[in-house]
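Remarks on the overall topology
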Amino acid sequence: MTPLPRAVVRLLLPCLLVVAGCTAPAPAGVDGRDVRRAVADWSAAPPARLAAIPLEGWSYEVTSIRRDGARATARARLRYGLTGHDAAPTGSDREVELTRSPTGWRVDGERPAPGAPPQLWDQGEPEVARGAHALVLGVGQSPRTLADIAAEADRAVPAVSAARPGTWAGRVVVLVPADLDAMAALLGRPADAYRGLGAVTTGSTGGGPAPADRVVVNPAGYAQLSERGRRILLTHETTHVATRAATTARTPLWLSEGFADWVAYRDTGLGPADAAPALARAVRRGEVPAELPPDTAFAFGGDPDAQARAYEGAWLACRLIADRWGEDALTTLYERAGREGLPTALARTIGGDPTGLTTAWQAALRTQLGPDAPATR
């Protein structure tokens, strides 16, 4: 691009500064400080309608300000934690609307910042159900529904603790939005990505205890499950919460999802043919997978039958490891895989490698899911 002559640049510069001044963040000065002070005063405590939620560390940190005469929009970072549940504050980007009056700036309202997902309470009046180990927050749900979910989550936590050596917080937070669309909005993805699912777990992986894992329930999918199905689902998702600190980008999804299912199915008495029907149908057609399920096989929104085979195959791989080399070997493999990678972890826990494990898994599939396989364990 050919540079402009210096004289033209000097002529354009004042115009550009005037135009930019209409939308740029407010400069440091009295108005900027007054807007920040107004936001700080307004956010000194959580709104009264959230009184039933055990919030702590509630604060808004203004990061930028846009002004238009007597109106201003402050971009802010909301930080808060759930008392007794979050190891550290979680955050949310917000936009706060203000109006200037003769007595100063007044906050008129707030909303999620563009591109940021809403908080559950943005979607309606929140209800709260508490258990011994669980906190359930819902919108558009009956108190009975939330209480039932809290009771189921309370049963999941000890089951996870019994299967997973080591320490974790032993608590779980469950969000229950009004419907599938509301769930998708909370997670910032299209609704079709979660259609047919019962729940998902949020949270970053690795780097120590996760500050704010949430199990987010799809009300429609959850309602279609049997009592045992709901127990399996919440135990699976709670396992993800419990193993978050040990899960990194190096952990293959077949191990993280298979381990969560291994914990969830551990005390159900269900055998491979009962708990892995999609994979059983494939094996009986002679379609034994050529490899352990790749990460792409677990993607939301794909072929439901293929995704079911991936989850079932992952569970059976973890079940094989626990049965042949011991439950301690499986949990140690999980922890090592996140730090060292799968090949090294396999060598140091079961004395094998990915190829050998795959061969043993394929043989187990033929035995456990073939035409003559028993229906139960």
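Calculation rules
Residues numbered from 1 in each chain as written. Predicted model: local features only at pLDDT ≥ 70, side-chain atom pairs only at ≥ 80, totals over all residues. Heavy atoms only, no water. Phe/Tyr/Trp six-rings, centres within 6.5 Å; stacked < 30°, edge-to-face > 60°. Helix = DSSP H or I, 4+ residues; strand = E, 2+ residues; numbered from the N terminus. Buried < 20%, exposed > 50% of the residue type's maximum accessible area, 1.4 Å probe, protein only. Axes fitted to C-alpha atoms, helices over the stretch in contact; angles between N-to-C directions. Parallel < 35°, antiparallel > 145°, perpendicular 65-115°, else oblique. Contact = heavy atoms within 4.5 Å. Nonpolar A, V, L, I, M, F, W, Y, C, P; charged D, E, K, R; others polar. Salt bridge = Lys/Arg side-chain N within 4 Å of Asp/Glu carboxyl O. Pairing = 2+ DSSP bridges. Polar contact = N/O pair within 3.5 Å; in protein donor to acceptor, adjacent residues only side chain to side chain. pLDDT = per-residue confidence, 0-100. Core = buried A, V, L, I, M, F, W, Y, C linked by side-chain atoms within 4.5 Å.

A full pass over the atoms with the stated rule returns nine aromatic pairs. Their ring planes at 40° and their centres at 5.6 Å tell us that Phe259 and Trp262 sit as a pair that is tilted. One end of the pair is Phe259 and the other is Trp262, both in helix H7 (residues 253–265) and three residues apart, which spans about a single turn. Trp262 carries the same exposure label as Phe259, and that label is buried. These aromatic residues form a ring-pair network of at least three members: Trp42, Trp58, Tyr60, Tyr80 and Trp121.

On to the packing of helix H10 (residues 304–325) against helix H13 (residues 354–369). Two elements in contact, H10 and H13, have axes whose closest approach is 10 Å; the angle formed by their N-to-C orientations is 100°. Here H13 runs roughly perpendicular to H10, going by the angle between their axes. Contacts from Gly313, Leu316, Ala317, Arg319, Leu320, Ile321, Arg324 and Trp325 in H10 reach Leu357, Ala360, Trp361, Ala364, Leu365, Gln368 and Leu369 in H13. Of the residues that constitute the contact of H10 with H13, the class distribution is eleven nonpolar, two polar and two charged.

For the rest of this paragraph, the subject is the pattern of salt bridges. Within this structure, the stated rule accounts for 25 salt bridges. With its nearest N and O atoms 2.9 Å apart, the salt bridge here joins Asp86 to Arg214. In this pair, Asp86 sits in the loop between strand E2 (71–82) and strand E3 (90–101) while Arg214 sits in the loop between strand E8 (199–201) and strand E9 (215–217), placing the two residues 128 residues apart along the sequence. For the residue pair Asp86 and Arg214, the accessibility class agrees, reading buried in each case. For the salt bridge of Arg231 with Glu227, the shortest nitrogen-to-oxygen distance reads 3.7 Å. Placement of both Arg231 and Glu227 in helix H6 (residues 227–242) is noted, with a separation of four residues, approximately one turn of the helix. Three or more residues are tied together by salt bridges with common partners; here these are Arg66, Glu95, Glu97 and Arg111.

On to the sheet that holds strand E6 (residues 134–139). Overall, mixed pairing links the five strands, which are arranged E5-E6-E7-E9-E8 in an open sheet. Of all the strands in the sheet, just strand E5 (126–130) and E8 have a single pairing partner and so form its edges. Each adjacent strand pair in this sheet contributes to an overall mean axis angle of 20°, direction not counted. Two strands pair when backbone bridges link them, and E5 and E6 are joined in this way by five bridges, in the antiparallel orientation. What sits directly across from Val128, in E6, is Leu137. Of the strands in this sheet, E8 and E9 touch helix H4 (residues 180–187), which is tilted by about 155° from E9.

With respect to burial, H4 is a largely interior element, six of its eight residues being buried. Burial in H4 covers these residues: Leu180, Ala182, Met183, Ala184, Leu186 and Leu187. N-cap assignment for H4: the residue whose side-chain oxygen lies 3.3 Å from the backbone N of Asp181 is Asp179. Downstream of H4 by a residue or two, Gly188 has a phi angle that is positive, lying close to 70°.

A residue-level look at the protein chain finds 88% of positions with pLDDT of 70 or above and a mean pLDDT of 88. Within the protein chain, helix H1 (residues 6–21) has the poorest average pLDDT of any element, 33, and E6 the best, 98. Scored below 50 in pLDDT, residues 1–30 makes twelve contacts in the model with residues more than four places away or belonging to other chains. Predicted confidence for residues 206–211 stays below pLDDT 50, and this span has 15 contacts to residues more than four positions away or in other chains.

Moving on to the packing of H7 against H10. At a minimum axis separation of 7 Å, H7 and H10 run at an interaxial angle of 70°. Classified by the angle between their axes, H7 and H10 sit roughly perpendicular to one another. Counting all contacts with H7, which are made through Trp254, Leu255, Glu257, Gly258, Phe259, Asp261, Trp262 and Tyr265, the residues of H10 involved are Tyr311, Ala314, Trp315, Ala317, Cys318, Arg319, Ile321 and Ala322. Tallied by class, the residues present in the contact of H7 with H10 amount to twelve nonpolar, one polar and three charged.

Attention now moves to the nonpolar core. Core analysis: the largest hydrophobic core is formed by 65 residues, its most contacted members being Val174, Trp254 and Trp262. Here this core takes ten residues from H10, the largest share from any one element. The contact partners of Trp262, leaving out residues within four places of it in the chain, are Ala163, Trp315, Cys318, Arg319, Ala322, Glu327 and Leu330. Formed by 38 residues, the second largest nonpolar core is a distinct cluster that contains Leu78, Leu82, Val96 and Leu187.

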